[in-house]
Amino acid sequence: MRALVRETRLHPAQFILPLFVCPGEGVRREIGSMPNNYQLSIDELVKECVEVQSLGIGGVILFGLPESKDETASGAYADDGIVQRAIRAIRRETSRLLVMTDVCNCEYTSHGHCGFVKDNDVDNDVTLQWLAKTALSHARAGADIVAPSDMMDGRVGAIRQALDANGFEKIPILSYAAKFASVFYGPFREAAESAPQFGDRRSYQMDPANGREAMREIELDLEEGADMIMVKPALPYLDLIAEARRRFNVPIAAYQVSGEYSMIMAAARNGWIDCERAMFETLTSITRAGAGTILTYFAKPAARLLG
Ligand code: PBG
């Protein structure tokens with residue numbers, strides 16, 4: 001009877017699994033703070049993607065660890081960059097898997113900031129050009145969706161323009177529209193080796209205190225041509241997922257970020273919490289709040305248990 005009247009259901013197709021691709025061959029390096037998640041070389045990544053596809057998971061989102069970093073994030077938009085090569089390899093071995101890419105610079109800059117740094121500050125408009133080039137190179141390699149996560153102003157418009165001008169009108173943009181300057185990205189920065197070397201990201205990511213501003217950010221991204229929008233992190237911002245659901249008739253994604261995952265895993269490993277129940281309770285809550293799509297490091301275990 002409970003199943004009959006249940007209001008919120010989970011399905012593997014709503015999950016997106018974040019994956020970290022690194023140089024080398026046969027590399028499968030577990031991320032200390034994120035048990036069961038790995039830095040994968042391209043050959044290992046492809047195996048992972050075949051498994052993800054067979055589990056009926058909605059898709060993957062790729063993050064790259066380049067061979068080397070520089071001031072201009074050149075590895076982000078190189079045609080033979082790590083993510084670009086990874087997409088091509090995945091394309092060769094999977095037929096149904098949806099491949100999404102994270103479009104950002106922080107994994108590729110020597111200082112770890114998400115854009116061009118001038119006078120100790122990130123230059124918004126120079127960064128837009130890098131982002132447009134990166135998104136275009138991902139589309140050329142075969143990405144299905146590009147997802148800018150940098151939080152520069154005007155990036156959705158710049159990316160849309162670059163894609164359209166080059167024959168990629170049909171590639172959608174999932175904008176990390178309401179992305180907060182959150183402590184919960186900590187484990188990810190270890191995984192992606194992308195912690196800023198000085199300062200923090202508060203000049204471009206949002207203040208956790210500002211919900212109205214989040215709605216404004218979403219509105220602007222939709223005006224610029226975003227096809228789907230994201231709220232990130234997920235659990236501490238359920239109110240904003242719900243508010244966005246009420247206001248905007250577009251697909252809404254939420255990112256259950258690394259810290260949200262690590263907290264559950266750490267508590268579970270200490271025997272303080274039941275991992276499976278915590279996983280399903282959080283995923284259900286995020287869905288109930290209004291996110292149709294969830295980027296989550298639990299995608300595989302959740303999909304397996306959902307059957
Ligand atoms: C890149 C990016 C970050 C995350 C996704 N894309 C890190 C950051 O903004 O510092 C975080 C994801 C996670 O914590 O799981 N800008």
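Draft legend 1. Here's a closer look at the overall build of the protein. Broken down by element type, the protein carries 12 helices and 12 strands. A burial count over the protein gives 58% of its 307 residues as buried. Within the protein, contacts between residues at least 6 apart in sequence are counted, and of these 74% link residues at least 24 apart. When the accessible surface of the protein is split by element, carbon and sulfur atoms take 49% of a total near 13300 Å². Side-chain charges in the protein split into 33 positive and 41 negative, and the spacing between the mean points of these groups amounts to 6 Å.

Draft legend 2. Local environment of the pattern of salt bridges. Applying the stated criterion across every chain yields a total of 16 salt bridges. Measuring nitrogen to oxygen at the nearest pair gives 2.7 Å for the salt bridge that ties Lys300 to Glu48. In this pair, Lys300 is assigned in helix H12 (residues 299-306) and Glu48 in helix H2 (residues 42-54), connecting sequence segments 252 residues apart. Judged by relative accessible area, Lys300 falls into the buried class, the value being 14%. Three or more residues are tied together by salt bridges with common partners; here these are Arg28, Glu44, Lys47, Glu48, Glu51, Lys300 and Arg304.

Draft legend 3. View of the pairing of strand E5 (residues 99-103). Counting buried positions along E5 gives five out of five residues, so the element sits mostly inside the fold. Across the two faces of E5 the burial is the same, with Val99, Thr101 and Val103 and Met100 and Asp102 all buried. Bridge analysis of strand E4 (residues 59-64) against E5 gives three bridges, and the strand direction is parallel. The partner of Ile61 across the bridge, within E5, is Met100. Judged from the four bridges that link them, E5 and strand E8 (residues 145-148) form a sheet pairing that is parallel. Residue Asp102 lies in a different strand from E8, and its bridge partner there is Ala147.

Draft legend 4. Spotlight on a nonpolar patch on the surface. A surface patch of nonpolar side chains, about 420 Å² in accessible area, is lined by Met1, Leu4 and Val5. On the secondary structure map, Val5 appears in helix H1 (residues 2-5).

Draft legend 5. A look at the side chain of Thr282. Within the secondary structure, Thr282 sits in helix H11 (residues 275-289). A polar contact of 2.9 Å, which involves the side chain of Thr282, links it to the backbone oxygen of Ala278. Aside from chain neighbours lying at most four places away, what touches Thr282 is Leu235, Gln256 and Ile264.

Draft legend 6. How the structure looks around the site of the ligand. Around the ligand, 18 residues are found, and the nearest of them are Lys179, Arg189, Lys232, Ser258 and Tyr297. Asp102 is positioned such that a nitrogen or oxygen atom in its side chain is 3.5 Å from a nitrogen atom of the ligand. Here Ser149 contributes a side-chain N or O atom positioned 3.4 Å from a nitrogen atom of the ligand. Out of a free accessible area of 400 Å², the ligand has 100% covered by protein chains. In terms of residue class, the shell around the ligand is made up of 10 nonpolar, three polar and five charged.

Draft legend 7. Examining helix H9 (residues 238-247) more closely. Taken residue by residue, H9 has Leu238, Leu240, Ile241, Ala242 and Ala244 as its buried positions. Buried-residue contacts for H9 involve helix H8 (211-224), strand E10 (228-232), strand E11 (252-256) and H11.

Draft legend 8. Inspection of helix H10 (residues 258-269) at higher detail. The end-to-end C-alpha distance of H10 is 16 Å, a good match for the 16 Å that 12 residues give at a rise of 1.5 Å each. For H10, the complete set of buried residues consists of Ser258, Gly259, Glu260, Tyr261, Ser262, Ile264, Met265 and Ala267.

Draft legend 9. Representation of the packing of H10 against H11. Axis separation between H10 and H11 bottoms out at 9 Å; the angle between their running directions is 155 degrees. By the angle class used here, H10 and H11 are roughly antiparallel. Relative to H11, H10 is oriented so that their crossing is right-handed. Facing Ile264, Met265 and Ala268 of H10, the residues of H11 in contact are Cys275, Ala278 and Thr282. Here the contact of H10 with H11 is built from residues that sort into five nonpolar, one polar and no charged.

Draft legend 10. Here's a closer look at the state of the cysteines. Tallied over the entire structure, the rule returns zero disulfides. Distance from the sulfur of Cys104, which forms no disulfide, to the nearest cysteine sulfur (Cys114) is 3.6 Å.

Draft legend 11. Expanded view of the pairing of E11. Within E11, five of the five residues are buried, which leaves it mostly tucked inside the rest of the structure. Along E11, one buried face is formed by Ile252, Ala254 and Gln256 and the opposite face, lined by Ala253 and Tyr255, is buried too. Between E10 and its parallel partner E11, the chain crosses via H9, and the hand of that crossover is right-handed. Here E11 runs beside strand E12 (residues 293-296); their pairing, made up of four bridges, is parallel. Its bridge partner being in E12, Ala253 is matched across the sheet by Thr293.

About the criteria used
- Residues numbered from 1 in each chain as written.
- Predicted model: local features only at pLDDT ≥ 70, side-chain atom pairs only at ≥ 80, totals over all residues.
- Heavy atoms only, no water.
- Helix = DSSP H or I, 4+ residues; strand = E, 2+ residues; numbered from the N terminus.
- Buried < 20%, exposed > 50% of the residue type's maximum accessible area, 1.4 Å probe, protein only.
- Contact = heavy atoms within 4.5 Å.
- Areas by Shrake-Rupley, 256 points an atom, 1.4 Å probe, with all protein chains shown as cover.
- Lys, Arg positive; Asp, Glu negative; His and termini not counted.
- Charge placed at Lys NZ, Arg CZ, Asp CG, Glu CD.
- Salt bridge = Lys/Arg side-chain N within 4 Å of Asp/Glu carboxyl O.
- Pairing = 2+ DSSP bridges.
- Patch = residues over 30% accessible without salt bridge, like charges linked within 9 Å, V, L, I, M, F, W, Y side chains within 5 Å.
- Polar contact = N/O pair within 3.5 Å; in protein donor to acceptor, adjacent residues only side chain to side chain.
- Near = heavy atom within 4 Å.
- Nonpolar A, V, L, I, M, F, W, Y, C, P; charged D, E, K, R; others polar.
- Expected span 1.5 Å × (residues − 1).
- Axes fitted to C-alpha atoms, helices over the stretch in contact; angles between N-to-C directions.
- Parallel < 35°, antiparallel > 145°, perpendicular 65-115°, else oblique.
- Left-handed = near helix turned anticlockwise from the far one by under 90°.
- Disulfide = S-S within 2.5 Å.
- Right-handed = clockwise from strand over helix to strand, strands pointing away.

Geometry only, nothing functional implied.
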